[in-house]
Amino acid sequence: MDQKTYIMIKPDAVERGLVGSIIARFEACGLRLERVEHGMVTPEQAAANYAEHEGKPFYEGLVEYITSGPVVKMVISGPEAVVVCRKLMGATNPRDAAPGTIRGDFGLTLDANIIHGSDSPESAEREIAIFFG
Ligand code: IDP
Ligand code: MG
């Protein structure tokens, strides 16, 4: 059965003109774009999306960064979309992400790591509501 996931291309990748290259990777394996929106993330949306990280040393910088410039917000669907998208994205730290993954090919640092993707079907539902609700 098809699943939906929330994917967000982060400000550094939008600034660098990587949007088309990144979306092509999801489409190439058969996933579908259900919703796409270019725009800013509000501080409220950032706080809700990253609530699990509140209090961690990198939290303030993360919220500042994700609200610093336009992002591309997406709902992507397909069989096992959550885990498939995470696999295409690669490890959180681009230095650990395998070549061939989005973070491995386009990223360099942990704070500007190109892309966000929901980590479970429950997170996906919550995050889709935050950004498209
Ligand atoms: P994920 O994006 O792969 O799900 P999370 O652990 O949920 O990774 O972290 C959310 C985001 O916070 C990461 O994508 C990264 O941009 C940032 N981040 C995570 N850990 C650190 C850190 O130790 N220093 C700086 N930024 C971090
Ligand atoms: Mg996460």
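Analysis parameters
- Residues numbered from 1 in each chain as written.
- Chains lettered and ligands numbered in written order.
- Predicted model: local features only at pLDDT ≥ 70, side-chain atom pairs only at ≥ 80, totals over all residues.
- Heavy atoms only, no water.
- Near = heavy atom within 4 Å.
- Polar contact = N/O pair within 3.5 Å; in protein donor to acceptor, adjacent residues only side chain to side chain.
- Areas by Shrake-Rupley, 256 points an atom, 1.4 Å probe, with all protein chains shown as cover.
- Nonpolar A, V, L, I, M, F, W, Y, C, P; charged D, E, K, R; others polar.
- Buried < 20%, exposed > 50% of the residue type's maximum accessible area, 1.4 Å probe, protein only.
- Helix = DSSP H or I, 4+ residues; strand = E, 2+ residues; numbered from the N terminus.
- Pairing = 2+ DSSP bridges.
- Salt bridge = Lys/Arg side-chain N within 4 Å of Asp/Glu carboxyl O.

(A) Structural context of the site of ligand 1. In the vicinity of ligand 1, the residues found are K10, Y50, H53, F58, L62, R86, T92, R103, L110, D111 and N113. In this structure, H53 approaches ligand 1 through a side-chain N or O atom, which is 2.9 Å from an oxygen atom. Separating an oxygen atom of ligand 1 from a backbone N or O atom of L110 is a distance of 3.2 Å. Here ligand 1, which alone exposes 530 Å², has 76% of that area covered by the protein. Across the shell around ligand 1, the residue classes tally to 4 nonpolar, 3 polar and 4 charged.

(B) How the structure looks around the pairing of strand β3 (residues 71-79). Counting buried positions along β3 gives 8 out of 9 residues, so the element sits mostly inside the fold. Where strand β1 (residues 2-9) and β3 come together, 8 bridges link them in antiparallel fashion. Its bridge partner lying in β3, M8 is registered against K73. As judged from the 7 bridges shared by strand β2 (residues 32-39) and β3, these two strands associate in the antiparallel manner.

(C) Examining the pairing of β1 more closely. Judged from the 3 bridges that link them, β1 and strand β4 (residues 115-117) form a sheet pairing that is antiparallel. Opposite I9, over in β4, you have I115 as the bridge partner.

(D) A look at the pattern of salt bridges. Using the criterion set out here, one finds 5 salt bridges in the structure. Between D2 and R32 there is a salt bridge, and its shortest N-O distance comes to 2.7 Å. A residue pair is termed long-range when its members are at least 10 positions apart, and D2 in strand β1 and R32 in strand β2 qualify at 30 residues. Its relative accessible area of 42% is what places R32 among the partly exposed residues. A salt bridge links E37 to K73, with the shortest nitrogen-to-oxygen separation between them at 3.7 Å. Of this pair, E37 sits in strand β2 while K73 sits in strand β3, and the two are 36 residues apart along the sequence. For E37, a relative accessible area of 33% corresponds to the partly exposed category.

What is shown is where atoms sit, not what they do.
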